[in-house]
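# Secondary and tertiary structure notes
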Amino acid sequence: MSVRILGIESSCDETAAAVVVDGREILSSVVSSQTDIHRKYGGVVPELASREHLRQIVPVVREALEKAGLGFGDLDAIGVTQGPGLVGALLVGITYAKALAIELGKPLVAVNHLEGHVHAVLLEAHRAELKPELPAVCLIVSGGHTLLYEVTERSGDGQVGRAFVYRKLGGTRDDAAGEAYDKVARLLGLGYPGGPIIDQLSENGADGVDDPDNLRFGPIKMSGNALDFSFSGVKTAVLYHLREHPELNAEIETRREALAAGSRSAAQLRPLCSRHTLNLISSFQRKVVHELVSRSLAAASQCGVKAILVSGGVAANRELRESFNVEARRQGITVFFPSRELSTDNAAMIAAAAFARYSNGERAGSDLDATPSMPLGGPS
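These remarks concern the structure in this document. (Residues numbered from 1 in each chain as written. Predicted model: local features only at pLDDT ≥ 70, side-chain atom pairs only at ≥ 80, totals over all residues. Heavy atoms only, no water.)

### Some thoughts on the overall build of the protein chain
Helices and strands together make up the secondary structure of the protein chain, namely 13 helices and ten strands. Radius of gyration (C-alpha) of the protein chain: 21 Å, near the 21 Å computed for a compact globule of 380 residues. Taken over the C-alpha atoms alone, the protein chain extends approximately 65 × 50 × 35 Å along its principal axes. When each of the 380 residues of the protein chain is scored for burial, the buried share is 55%. Put simply, 75% of the contacts in the protein chain that link residues at least 6 apart link residues at least 24 apart. Counting every atom, the protein chain has about 15,600 Å² of accessible surface; 49% of that belongs to carbon and sulfur. (Helix = DSSP H or I, 4+ residues; strand = E, 2+ residues; numbered from the N terminus. Rg over C-alpha atoms; globule rule 2.2 N^0.38 Å. Buried < 20%, exposed > 50% of the residue type's maximum accessible area, 1.4 Å probe, protein only. Contact = heavy atoms within 4.5 Å. Areas by Shrake-Rupley, 256 points an atom, 1.4 Å probe, with all protein chains shown as cover.)

Next up, the structure:
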């Protein structure tokens, strides 16, 4: 018998619900984004996020069921994100999921949001009739996370519903990669979120050739774990570069005025960027991508694996995908990405992860609570 699981995700600023069958087939996936609400603040405001989740959770779940062609009684279980994330946002999803499970008499399964990102890659691989070779290294890279894990199969039939053991290999010591994108975009007057606009504008940069006026990023030196990341220095280097080039202030202010007037697309902002700025954007992205790719490949070499899984919002980045495919191919490693829709926070990945835990007999009780700093796997 097929197992139909309703997934609910509310860890940050997306209210999402999805119905997934057997952890493989997505019947529906609905995401309500709060980007427009948080844009003027340059980042997510937790209190506003929680209030918006309260407004959206019921209609989003209903829409997911309607698109799946199912009623509440057709569900076999409910999966919900327990953490990590914003505590108020998590509690909205958890409280609704618990009430729904009790009312319907259905099992409730708690899911780690980070594990959901792993299953997002496997959902996409299943669509393409591919099977990543395990153990594998997984890079989870987003606005809130930059982490490296070794993923090993614990049990199962070798499909999407299998259960895994996670070993943390490294993580960021300061800013997550997506957070660095947002901060640099704010410095340059490019709006929020910063990742997509910087990725699009970097296409018009220096074409891989350093401009005499451009910022050259030096190597990131850290003691201890060589698989850890650090992006605060890259962000600070951009800040210092702007201070050394006050002639860029006028165009930054012009872009901020354009943003206030509603001009936010790359096509609208590109004419407002000098060659100097486009080169700076390209160099910033090139450095971030280099750090992500080089450390992931080093982790793969250290673990002796032949596959890398890349997930999270930054996984949608054009240059990151291209660089991974080129560099990994040279080392005989296959890289797997989710679709862009499954890269960002969604509930399909939560339902898929819930299926693996449901199949292994895991159930959450009515005392389930949010765990805002929920770890995945052991220490590096």
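### Quick notes on helix H6 (residues 194-201)
Taking burial as the measure, the eight residues of H6 include six buried ones, the bulk of the element. Within the span of H6, buried status applies to Gly194, Gly195, Ile197, Ile198, Asp199 and Leu201. In the core, the buried residues of H6 are packed alongside helix H5 (177-188), helix H9 (266-269), helix H10 (275-303) and helix H11 (318-330).

### Digging into the packing of aromatic side chains
As enumerated under the stated definition, the model contains five aromatic pairs in all. Note on Phe229 and Phe231: the rings are 6.0 Å apart at their centroids and 15 degrees apart in plane angle, and the pair reads as stacked. An identical accessibility class is assigned to Phe229 and Phe231; each is buried. Taking 6.1 Å as the distance between ring centres and 70 degrees as the angle between the ring planes, the aromatic pair formed by Phe324 and Phe337 counts as edge-to-face. With Phe324 in helix H11 and Phe337 in the loop between strand E10 (334-336) and helix H12 (340-343), this pair connects stretches of sequence that are 13 residues apart. (Phe/Tyr/Trp six-rings, centres within 6.5 Å; stacked < 30°, edge-to-face > 60°.)

### Describing the nonpolar core
Across soluble globular proteins, nonpolar side chains show a tendency to be buried alongside one another. By size, the foremost hydrophobic cluster in this structure holds 52 residues, and its most contacted members are Leu190, Phe284, Leu292 and Val310. If you tally residues by element for this core, the top one is H10, at twelve residues. The residues contacting Phe284, other than those within four sequence positions of it, are Ala180, Tyr181, Val184, Ile198, Phe217, Val234 and Val238. Ala17, Val60, Val80 and Ala110 belong to the second-largest nonpolar core, a separate cluster that totals 26 residues. (Core = buried A, V, L, I, M, F, W, Y, C linked by side-chain atoms within 4.5 Å.)

### Some words on the side chain of Gln285
Inspection of the secondary structure assignment puts Gln285 in helix H10. By relative accessible area, which is 0% here, Gln285 ends up buried. Of note is the side chain of Gln285, whose polar atom sits 3.0 Å from the side chain of Asp199. A polar contact is formed between the side chain of Gln285 and the side chain of Ser202, at a distance of 2.9 Å. Discounting chain neighbours no more than four positions away, the residues touching Gln285 are Tyr181, Ile198, Asp199, Ser202, Asn317, Arg318 and Glu319. (Polar contact = N/O pair within 3.5 Å; in protein donor to acceptor, adjacent residues only side chain to side chain.)

### Observations concerning helix H13 (residues 348-359)
Side chains of residues three or four places apart in an α-helix project in the same direction, reflecting 3.6 residues per turn. Compared with an ideal rise of 1.5 Å per residue, which puts twelve residues at 16 Å, H13 spans 17 Å between its outermost C-alpha atoms and is within 8% of the ideal. Of all twelve residues that make up H13, ten are buried, and the element is covered over most of its length. A positive phi of about 80 degrees marks Gly361, the residue just after H13. (Expected span 1.5 Å × (residues − 1).)

### Here's the deal with the sheet that holds strand E1 (residues 4-9)
Read from one edge to the other, the open sheet built from five strands follows the order E3-E2-E1-E4-E5, with strand pairing classed as mixed. Whereas interior strands pair on both sides, the edge strands pair on one side only; in this sheet they are strand E3 (25-33) and strand E5 (108-112). Averaged over all adjacent pairs, the angle separating strand axes in this sheet is 20 degrees, with direction ignored. Summarising the sheet, strand E4 (residues 77-83) and E5 pair through five bridges and their orientation is parallel. Along E5, the bridge assignment pairs Thr81 with Val111. The strands touched by helix H2 (residues 46-68) are E1, strand E2 (14-21) and E3; relative to E2, the strand with the most contacts, the crossing angle is about 25 degrees. The sheet strands contacting helix H3 (residues 87-104) are E1, E4 and E5, and the helix crosses E4 at an angle near 155 degrees. (Pairing = 2+ DSSP bridges. Axes fitted to C-alpha atoms, helices over the stretch in contact; angles between N-to-C directions.)

### Remarks on the environment of Ala307
Take Ala307: it is sitting in strand E9 (residues 307-311). Those residues in contact with Ala307, other than ones at most four positions away along the chain, are Glu133, Ala136, Val137, Ile333, Thr334 and Phe336.

### Details of the pattern of salt bridges
Counted by the stated rule, this structure contains 18 salt bridges. Across the pair Glu362 and Arg357 runs a salt bridge whose closest N-O atoms are separated by 2.8 Å. When its relative accessible area of 28% is taken as the criterion, Glu362 is described as partly exposed. (Salt bridge = Lys/Arg side-chain N within 4 Å of Asp/Glu carboxyl O.)

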